[in-house]
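Below, each chain spelled out in residue letters.
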Amino acid sequence: MSNSPFTPGIVAGRLPDAAYARNFADHEPPLDAHEARVAADRCYFCHDAPCITACPTAIDIPLFIRQIATGTPEAAATTIWSQNILGGMCARVCPTETLCEEACVREAAEGKPVEIGRLQRYATDVAMAKGLHPFTRAPRTGKRVAVVGAGPAGLACAHRLAMHGHDVVVFERRPKAGGLNEYGIASYKTTGGFAQKEVEWLLSIGGIEIRCGVELGRDVTLAQLEAEYDAVFLGIGLAGVNALRTPGEDKAGVRDAVDFIAELRQTADLSTLPIGRDVVVIGGGMTAVDAAVQSKLLGAENVTIVYRRGQEKMSASAYEQEHATSAGVRIICNAMPVAIHGNGAVREVEFAYTRETSEGLKPTGETFRLKADQVFKAIGQTLAGAPEGLAVEGGKLKGHQGKVWAGGDCAAGGEDLTVTAVAEGRDAAEAIHAALTAG
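Residues numbered from 1 in each chain as written. Predicted model: local features only at pLDDT ≥ 70, side-chain atom pairs only at ≥ 80, totals over all residues. Heavy atoms only, no water.

Asks: Explain the overall build of the protein chain here, please?
Replies: Per the secondary structure count, the protein chain includes 17 helices and 20 strands. Relative to the 2.2 N^0.38 estimate, which gives 22 Å for 439 residues, the radius of gyration of the protein chain is 23 Å and therefore close to what a compact globule would have. Relative to its full complement of 439 residues, the protein chain shows a buried share of 53%. Of the roughly 18600 Å² of accessible surface on the protein chain, a fraction of 50% belongs to carbon and sulfur atoms. Distance between charge centres in the protein chain, computed from 43 positive and 53 negative side chains, equals 2 Å. (Helix = DSSP H or I, 4+ residues; strand = E, 2+ residues; numbered from the N terminus. Rg over C-alpha atoms; globule rule 2.2 N^0.38 Å. Buried < 20%, exposed > 50% of the residue type's maximum accessible area, 1.4 Å probe, protein only. Areas by Shrake-Rupley, 256 points an atom, 1.4 Å probe, with all protein chains shown as cover. Lys, Arg positive; Asp, Glu negative; His and termini not counted. Charge placed at Lys NZ, Arg CZ, Asp CG, Glu CD.)

Shown next, in the form of structure tokens:
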């Protein structure tokens, strides 16, 4: 090993080969059959279960857990997939600690919820391993629908439309389908190429064609799609990244966290991926945590997340924050970047402490500097490439306009979560089906 965590600059191979495999192994190993039965037995099987209400896709959680408890995980998977066709991925990446598990009666009574996410993974993994796809296509309707974006919203929409007998063509600008599931989630949360395995499983229903390398506005226009197809669904995500608007932002070593995560996810040999010795991540959401933790796992000596507001306002959950700190990441709150210093490449980031006022966030006048040879910006994404003529509100597309529907992160309403995108894609498909079959 030529490099180590103490090697200056941005370099590859900071760790022994075995360390990469260990660091990026499954973050939370799956339950075995016995563990799943024991975990399922903790469920009260509430009649008016608050966990269902807390789930954006409204999975009947008590039912699928009872099915696991009675030894029928395949039936449990069918219950999950009937509401959330990407239930396998959501079981891995969904912030259950702030959704279904936070609402769990066991959480309120004992401070330890039923492990809903792990049970969902167990059921879907068992069923997928057996090749079970419990849905079949209805007779072909002769209707064709274009779906733009092969992320969670687009895939969920396409699958539900295919179930109803419509023919679907999905246009994806990247080389692979999957969207954020493939390019934007920490590698240790979805190991073994699961994102692509789930896409292949979803497509086995038939009636869905995916065309990768096709970008809306560059290779095809919305007007062309509207002319050729009976309906269009836009699940284009948020391709733009907010700028720091800080002097020195253009220096070498400063990059968007989402690009770093995407590169990491597509790198077969992580020992070849360069990482800094001193890494600073600016932001307070899941992307910031994923970038910071993975920087540490790649061998960075010092990794710091800096967030401009108080820790209670970080959009990353307390569970994710704790995971970051347990991995050795430092979190500094109430500080904003004011300058990035260095001769051509970043060497330090200067921050000002902040305070909340009636007029918004203000610097206190006290500053400090962090040594950095690599800086990741994780301060939010924005809608980019929205077709002309479509209404935008709050920086996002309105959900339904003429022959066009939209869902997922690009659409107004709902949190920017995989599970929310699935729900919006599924619901848009039902609305499209109703419109295509009306009269």
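Asks: Honestly, the layout of surface pockets in this entry has me stumped. Any pointers?
Replies: In this approach, a probe sized like a water molecule rolls over the atoms, and the result shows the empty space that is left. Counted as a void, the second largest pocket has a volume near 510 Å³. Surrounding the second largest pocket, 26 residues form its lining, Glu28, Thr96, Glu97, Arg118 and Tyr319 being those nearest its centre. By residue class, the composition of the lining of the second largest pocket is eleven nonpolar, three polar and twelve charged. (1 Å grid on protein atoms, 1.4 Å probe; cavity = no way out; pocket = protein on both sides within 12 Å on 5 of 7 lines; lining within 4 Å. Points joined across faces, edges and corners; volume = space filled by probe spheres on them. Nonpolar A, V, L, I, M, F, W, Y, C, P; charged D, E, K, R; others polar.)

Asks: Looking at this model, I keep getting lost on the sheet that holds strand β14 (residues 360-371). Mind explaining?
Replies: Hydrogen bonding along the main chain pairs the strands of a sheet, whether they run parallel or antiparallel. Ordered in space as β12-β13-β14, the three strands form an open sheet in which the pairing is antiparallel. The outermost strands of the open sheet, each flanked by one partner alone, are β12 (335-341) and β14. On average, adjacent strands in this sheet sit at an angle of 25 degrees to one another, irrespective of strand direction. Pairing of β12 with strand β13 (residues 348-357) involves six bridges; the strand directions are antiparallel. Of the residues in β13, the one forming a bridge with Ile340 is Val349. (Pairing = 2+ DSSP bridges. Axes fitted to C-alpha atoms, helices over the stretch in contact; angles between N-to-C directions.)

Asks: Explanation requested: helix α4 (residues 61-69) in the structure shown.
Replies: Burial within α4 is extensive, with seven of its nine residues counted as buried. Those residues of α4 that fall on the buried side of the exposure criterion are Ile61, Pro62, Phe64, Ile65, Gln67, Ile68 and Ala69. Where the residues of α4 are buried, they touch α2 (33-40), α3 (50-54), α5 (73-81), α7 (100-103) and α9 (116-129). Residue Asp60 occupies the N-cap position of α4, its side-chain oxygen lying 3.2 Å from the main-chain nitrogen of Leu63. Just downstream of α4, Gly71 is the residue with a positive phi angle, here 80 degrees. (Contact = heavy atoms within 4.5 Å. Polar contact = N/O pair within 3.5 Å; in protein donor to acceptor, adjacent residues only side chain to side chain.)

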